[in-house]
Amino acid sequence: MNDRDLLPERLAARHLAEEAPGLTAASADALRAGLAARVDTLRHAALAASRAGVPPLVIAHDSHLPAKTVRGWIATERCVRH
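Residues numbered from 1 in each chain as written. Predicted model: local features only at pLDDT ≥ 70, side-chain atom pairs only at ≥ 80, totals over all residues. Heavy atoms only, no water.

**Describing the overall build of the chain**
Next up, step 1: In terms of helices and strands, the chain carries four helices and zero strands.
Next up, step 2: Listed N to C, the secondary structure of the chain is α-α-α-α in terms of helices and strands.
Next up, step 3: By residue count, 28% of the 82 residues in the chain fall in the buried class.
Next up, step 4: Contacts in the chain between residues far apart in sequence, at least 24 positions, make up 46% of those at least 6 positions apart.
Next up, step 5: Carbon and sulfur atoms make up 61% of the accessible area of the chain, which amounts to about 5500 Å² in all. (Helix = DSSP H or I, 4+ residues; strand = E, 2+ residues; numbered from the N terminus. Buried < 20%, exposed > 50% of the residue type's maximum accessible area, 1.4 Å probe, protein only. Contact = heavy atoms within 4.5 Å. Areas by Shrake-Rupley, 256 points an atom, 1.4 Å probe, with all protein chains shown as cover.)

As structure tokens, this is what we get:
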């Protein structure tokens, strides 16, 4: 598998990360709901990328998330699946 195979997933992660500043213009309730939905979407995207073979550091870089967060999501999924 090469980087071109994963281009759609990487672009989606970048797009999601770039939308975050727009959420801060909303009300507090809308902001919390938007951020919760965004975290869930990013988590699902990160897990899908991990299952596709993307290294955690690449996922973290593309999504602008801390590597520790990405690794934690991956570890949690592995524990749940086993």
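**Description of the pattern of salt bridges**
Next up, step 1: Taken as a whole, this structure holds two salt bridges when the rule is applied.
Next up, step 2: Among the ionic pairs, R43 bridges to D40, the shortest N-O distance being 3.1 Å. Of this pair, R43 and D40 are both found in helix α2 (residues 28–51), three residues apart, which corresponds to roughly one turn of the helix.
Next up, step 3: Look at D40 and you get partly exposed, because its relative accessible area is 34%.
Next up, step 4: One salt bridge in this structure joins E77 and R51, with 2.3 Å as the shortest N-O distance. Taken as a pair, E77 in helix α4 (residues 67–81) and R51 in helix α2 lie far apart in primary sequence, 26 residues in all. (Salt bridge = Lys/Arg side-chain N within 4 Å of Asp/Glu carboxyl O.)

**Overview of the environment of S50**
Next up, step 1: Along the chain, the position of S50 falls in helix α2.
Next up, step 2: Classification of S50 as buried rests on a relative accessible area of 15%.
Next up, step 3: As a C-alpha pair, S50 and V70 span 20 residues in sequence and 9.3 Å in three-dimensional space.
Next up, step 4: Other than its neighbours up to four places away in sequence, S50 contacts I59, I74 and R78.

**Focus: the nonpolar core**
Next up, step 1: Formed by L42, A46, L47, A49, V54, I59, A60, L65, A67, V70, W73 and I74, the largest nonpolar core amounts to 12 residues.
Next up, step 2: Those elements that place two or more of their residues in this core are α2, α3 (56–63) and α4.
Next up, step 3: In contact with A49, not counting residues within four places along its chain, are V54 and I59. (Core = buried A, V, L, I, M, F, W, Y, C linked by side-chain atoms within 4.5 Å.)

**Digging into the environment of A60**
Next up, step 1: Within the fold, A60 resides in helix α3.
Next up, step 2: The residues touching A60, leaving out its near neighbours within four places in the chain, are L65, P66, A67 and V70.

**A few points about the confidence of the model for the chain**
Next up, step 1: In this model, the chain carries a mean pLDDT of 80, and residues with pLDDT of at least 70 account for 70%.
Next up, step 2: The weakest mean pLDDT in the chain belongs to helix α1 (residues 7–23) at 67; the strongest belongs to α3 at 92. (pLDDT = per-residue confidence, 0-100.)

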